[in-house]
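An overview of the molecular structure
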Amino acid sequence: MDAFRRHLLRHAALGAMAVGVTGAARALPSSAGPRSTQVLVAGTTFARLFEPGADGKPRGLAVDVLDAILIPAGHQPRYEFYPWLRAQAMIEHGPAQILVGPYRTPERERLMRFSRQAFYEDALVFYARRREDGLWWGDFRALQPLRIGAVQGWVYGERFEQARVGLNVTAVRDLATALRMLQLDRLDLIAANQRNSEPVIQELDMKDQVALCAPPFAQLRGHFAFSRDPAGGPWATLVDAGMQRLRASGELQQMAVRRGVVLPD
């Protein structure tokens, strides 16, 4: 066999080893080989976790963590922002490999696989108009006469979901819309997580109009998520091993402190 033909057969064999469900977008991770794999990381804007910086580049704890895991393994992350429901669909049906930040629920576990470790924890709270924060004191039964806004696609925890059937809950497109509805007296309370809410309230210049109600009604932990098809397994394994390494070295804790994010135990 001449050298040229051996060269062609070798490259054909290497090409046959590439694994994918929807082409390059579903490529399996591999630290071997000279060519890096581009990894599509999808999410929506989550304050301190995953958000565009002033220069347009993505920043936040999720970016810090994934850069520290994927780049040394020979992969190039590509971060993209979408509405939250669309971002979830992109991990369920393609073409994304990694979803940033979903809370873990039994319903979602049927649609996507989750990282073993959570990388942040949120307090779920109610917001009211200034001087009306007494509307919530921990008893969901007292909320039955009130109009409550909840963002579409968000998870609020088992306690809220159990109470929802007896409450007057309006689904809203996003947190900014809910805050404007609260301002216009179209809602009495907004259910939200405190980390995401603070920068939106500040951006809308509503700090003097909105009050945080106490106590929180839930504490929820956020994960990275991956496709449930066979291509998702290696990505989950890679991220799990990387997070374990970062936690053991103390780097994960330092990243969380730098970004002002609560890291679960």
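First things first, this report covers the structure right here in the doc. The structure displayed is predicted, hence computed values, not measured ones.

1. Some remarks on the packing of aromatic side chains
On inspection of all chains with the given rule, the structure shows 17 aromatic pairs. An angle of 25° between the planes, with centres 4.4 Å apart, marks the rings of Phe50 and Phe81 as stacked. Note that Phe50 is positioned in the loop between β1 (37-43) and β2 (51-52) and Phe81 in strand β4 (residues 75-81), a separation of 31 residues in sequence. Ring plane angle 35° and centroid distance 5.0 Å describe the contact between Tyr156 and Phe160, whose orientation is recorded as tilted. Exposure remark for Phe160: the relative accessible area of 0% places this residue in the buried category. Taken together, the ring pairs connect Phe126, Trp136, Phe140, Trp154, Tyr156, Phe160 and Phe217 into an aromatic cluster.

2. Let's talk about the environment of Pro264
Here Pro264 is to be found in the segment after α9 (251-259). For the pair formed by Pro264 and Leu220, sequence separation is 44 residues and the distance between their alpha carbons is 9.7 Å. Setting aside residues up to four positions removed in sequence, Pro264 forms contacts with Ala118, Phe119, Tyr120, Glu121, Arg221 and Arg247.

3. A word on the side chain of Thr44
For Thr44, the location among the structural elements is in the loop between β1 and β2. A polar contact is formed between the side chain of Thr44 and the backbone oxygen of Tyr82, at a distance of 2.9 Å. Filtering out sequence-adjacent residues up to four positions away, Thr44 remains in contact with Phe50, Phe81, Tyr82, Pro83 and Trp84.

4. So, the pattern of salt bridges
In total, this model carries 17 salt bridges according to the counting rule given. For the salt bridge of Arg48 with Glu198, the shortest nitrogen-to-oxygen distance reads 2.8 Å. Taken as a pair, Arg48 in the loop between β1 and β2 and Glu198 in helix α7 (residues 194-203) lie far apart in primary sequence, 150 residues in all. Taking relative accessible area as the criterion, Arg48 reaches 29% and is therefore assigned partly exposed. When the shortest N-O distance is used, the salt bridge between Asp188 and Arg129 registers 3.5 Å. Remark: Arg129 occurs in strand β7 (residues 120-129) and Asp188 occurs in the loop between α6 (175-183) and β10 (189-193); sequence separation between them is 59 residues. For the pair Asp188 and Arg129, one class covers both residues: buried. Overlapping salt bridges, with partners in common, bring together Arg129, Glu132, Arg147, Asp185 and Asp188 in one network.

The rules we used
Residues numbered from 1 in each chain as written. Predicted model: local features only at pLDDT ≥ 70, side-chain atom pairs only at ≥ 80, totals over all residues. Heavy atoms only, no water. Phe/Tyr/Trp six-rings, centres within 6.5 Å; stacked < 30°, edge-to-face > 60°. Helix = DSSP H or I, 4+ residues; strand = E, 2+ residues; numbered from the N terminus. Buried < 20%, exposed > 50% of the residue type's maximum accessible area, 1.4 Å probe, protein only. Contact = heavy atoms within 4.5 Å. Polar contact = N/O pair within 3.5 Å; in protein donor to acceptor, adjacent residues only side chain to side chain. Salt bridge = Lys/Arg side-chain N within 4 Å of Asp/Glu carboxyl O.

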